[in-house]
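# What the coordinates show
Below, each chain spelled out in residue letters.
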Amino acid sequence: MELPFAESWKIKMVEPIRKSTRAEREQWMKEAHYNVFQLKAEHVYIDCITDSGTGSMSDRQWAAMMMGDESYAGASSFFRLKDTITRLTGFEYVIPTHQGRAAENVLFSHMVKAGDVVPGNSHFDTTKGHIESRKAFALDCIIDEAKDTQLEHPFKGNVDPVKLEKALEQYGNKVPFIIVTITNNTAGGQPVSMQNLRDVRAIADRFGKFVIFDSARFAENAYFIKVREEGYADKTIKEIVKEMFSLADGMTMSAKKDGIVNMGGFIATRHESIYEGAKRFCIPFEGYLTYGGMNGRDMDALAVGLDENTEFDNLETRIKQVEYLAKRLDEYGIPYQRPAGGHAIFVDASKILTHVPKEQFPAQTLTVELYLEAGIRGCEIGYILADRDPVTRENRFGGLDLLRLAIPRRVYTNNHMDVIAVALKNVYDRRESITKGVRIVWETELMRHFTVQLEPVK
Ligand code: F0G
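The paragraphs below set out a description of the structure included in this document.

Here is what the cut-offs are and how they apply
Residues numbered from 1 in each chain as written. Predicted model: local features only at pLDDT ≥ 70, side-chain atom pairs only at ≥ 80, totals over all residues. Heavy atoms only, no water. Buried < 20%, exposed > 50% of the residue type's maximum accessible area, 1.4 Å probe, protein only. Helix = DSSP H or I, 4+ residues; strand = E, 2+ residues; numbered from the N terminus. Arc of directions from axis to C-beta. Phe/Tyr/Trp six-rings, centres within 6.5 Å; stacked < 30°, edge-to-face > 60°. Patch = residues over 30% accessible without salt bridge, like charges linked within 9 Å, V, L, I, M, F, W, Y side chains within 5 Å. Areas by Shrake-Rupley, 256 points an atom, 1.4 Å probe, with all protein chains shown as cover. Salt bridge = Lys/Arg side-chain N within 4 Å of Asp/Glu carboxyl O. Near = heavy atom within 4 Å. Polar contact = N/O pair within 3.5 Å; in protein donor to acceptor, adjacent residues only side chain to side chain. 1 Å grid on protein atoms, 1.4 Å probe; cavity = no way out; pocket = protein on both sides within 12 Å on 5 of 7 lines; lining within 4 Å. Sits in = over half its atoms within 2 Å of the grid points. Contact = heavy atoms within 4.5 Å. Core = buried A, V, L, I, M, F, W, Y, C linked by side-chain atoms within 4.5 Å. Pairing = 2+ DSSP bridges. Axes fitted to C-alpha atoms, helices over the stretch in contact; angles between N-to-C directions.

## Quick look at helix H6 (residues 161-171)
Buried within H6 are the following residues: Leu-164, Ala-167 and Leu-168. Each buried residue of H6 sits inside an arc of 95° when the element is viewed along its axis, so together they form one side. Looking at H6, the residues exposed on the side facing more than 90 degrees away from the buried face are Val-162, Lys-166, Glu-169 and Gln-170.

Encoded structure:
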């Protein structure tokens, strides 16, 4: 008999978590203005708000922290991190930053100016925020297949080469670079194929443009290439990673995801010109060039994390857990962005809360319902997160309206996945009775989802 699948690690340290009553949760949700970002974490039973900075470090990462060199300039921790990044990606120049959006801030301060257009595959919200705050435009060139949640496609994160070419023809010298997000978070943690990365490279070369990868989940992307794309089954994750980055000019990285650290990020590039330009903004925004907002010990933990998480077994354990949750949802007929993403399940709220009008934010309503049901915190990746159009100030209802259940790395067991699935089923079973959503009471201009205050529609 074939042995069943099990995790590629065992547990050495645990953190207690606590259940609550429905009455308590109703009170806490009200106090949080129906915005899960404003809940206290201790009031959450299973926390799926993000996979960012919430992973468990390994014993090796904790051990590496003891080797941290906290020198202001020239710390050996920096060189250990830089050498690891160069070995994995081929990029010679590395600028550490305190997290991914800081990498965007530093790099875009150099590369993006007012009136520019940055095409890509569904830019992440901070990426879009850093483009739009510079009065530039983020142009989404994702393949149309990504917008149909029920369609199975192995690489739903792909850039549409036709849309990209059109954008480059239309905006020409207004385009400073193309950004490819691997995996594509906003479209559902969906991977980009190596062939698509090659196509983007070829188009970029024809128009003389840089290609930057937003690389937060690059290792998960490499896993999907290995298991789904022809010709990669026998390659190691590290070989695939090297090939992926050979098709880019540089990267921004939120190390809080595939670096499996709680805080950290970096920029890396093969071009001295990009490095020299970005460097000028690192020092005032982040710190000196050999720490850029990170402790020495954190750079050491990251170097080890990057190495560990570019090994197949670790990635397989992680992605199989997300797939396990997806299978449970399939049993109950709950619709989500198919196939399951690398880091999360994106539940299609518009197909569940069909009686809640889009102006009352169905995915946010579902997020609130799931918390009230069982203390499980997901987050809305939908109409609230989409912000208003910077020109018309209208809500943007053009995209998907999803409840994201992000799974932290090496944190929960499949028993927790079972609780999530059943809690969601209970909400799903009473979906017809949910006819009213939420309305905005207060919001800010950019990235409003973090601080928005809502109230239930009566
Ligand atoms: N790019 C992508 C694709 C991301 O998913 C994130 C963060 C960032 C950039 C910014 O990185 O948080 O380190 O500043 N995503 C988190 C999430 C917050 O929950 O998906 P950061």
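Once the structure has been displayed, the description carries forward.
## Things to note about the packing of aromatic side chains
The relative placement of two aromatic rings is captured by the distance of their centres and the angle of their planes. Throughout the structure, instances matching the rule amount to 14 aromatic pairs. With a centroid separation of 6.4 Å and an interplanar angle of 40°, the aromatic rings of Phe-361 and Phe-397 are classed as tilted. Taken together, the positions of Phe-361 in the loop between strand E9 (344-348) and helix H13 (362-374) and Phe-397 in the loop between strand E11 (379-381) and strand E12 (402-406) put the pair 36 residues apart, joining distant regions of the chain. With a relative accessible area of 3%, Phe-361 lands in the buried category. Following the ring pairs from residue to residue traces out a cluster consisting of Phe-91, Phe-213, Phe-218 and Phe-245.

## What to know about a nonpolar patch on the surface
Side chains of Tyr-72, Ile-283 and Tyr-288 sit close together on the surface and give an oily, nonpolar patch of about 310 Å² of accessible area. Tracing the sequence through the fold places Tyr-288 in the loop between helix H10 (272-285) and helix H11 (296-308). When its relative accessible area of 31% is taken as the criterion, Tyr-288 is described as partly exposed.

## Description of the site of the ligand
Around the ligand, the surrounding shell holds 16 residues, and the nearest of these are Thr-50, Arg-101, Ser-254, Lys-257 and Arg-404. Contact between the ligand and Gly-100: an oxygen atom at 2.8 Å from a main-chain N or O atom of the residue. When the free accessible area of the ligand is taken as 470 Å², the share hidden by the protein chains comes to 94%. Put simply, the ligand lies in the largest cavity. Here the element with the most residues in the shell around the ligand is helix H4 (residues 100-111); it accounts for three residues.

## Concerning the environment of Phe-155
For Phe-155, the location among the structural elements is in the loop between strand E4 (137-140) and H6. For Phe-155, a relative accessible area of 6% gives the class buried. Sequence separation of Phe-155 and Val-192 is 37 residues, and the distance between their C-alpha atoms is 5.3 Å. Ignoring sequence-local partners within four residues, the contact set of Phe-155 consists of Ile-143, Pro-191, Val-192, Ser-193, Phe-224, Ile-225, Arg-228 and Glu-229.

## A look at the nonpolar core
Counting residues in each nonpolar core, the largest one holds 56 residues, and the members touching the most others are Val-180, Leu-197, Phe-213, Phe-218, Met-244, Phe-266 and Leu-306. Looking at this core, the element that brings in the most residues is helix H8 (residues 218-228), giving six residues. Once residues lying within four places of it in the same chain are set aside, the contact partners of Met-244 are Ile-182, Met-194, Leu-197, Phe-213, Phe-218, Asn-221, Ala-222 and Ile-225. Membership of the second largest hydrophobic core comes to 33 residues, among which are Leu-329, Ile-352, Leu-366 and Leu-405.

## Side note on the sheet that holds E12
Across the sheet, which stays open at both edges, the three strands sit in the order E9-E12-E11 with antiparallel pairing between neighbours. Two strands close off the open sheet at either side, each with one partner strand: E9 and E11. On average, adjacent strands in this sheet sit at an angle of 35° to one another, irrespective of strand direction. Summarising the sheet, E11 and E12 pair through three bridges and their orientation is antiparallel. Bridged to Ile-381 within E12 is Leu-402.

## Describing the pairing of strand E3 (residues 117-120)
Across the two faces of E3 the burial is the same, with Val-117 and Pro-119 and Val-118 and Gly-120 all buried. With four bridges connecting them, E3 and E4 associate as parallel partners. Residue Gly-120 lies in a different strand from E4, and its bridge partner there is Asp-140.

So far we have only geometry, and geometry alone does not tell us how the molecule works.
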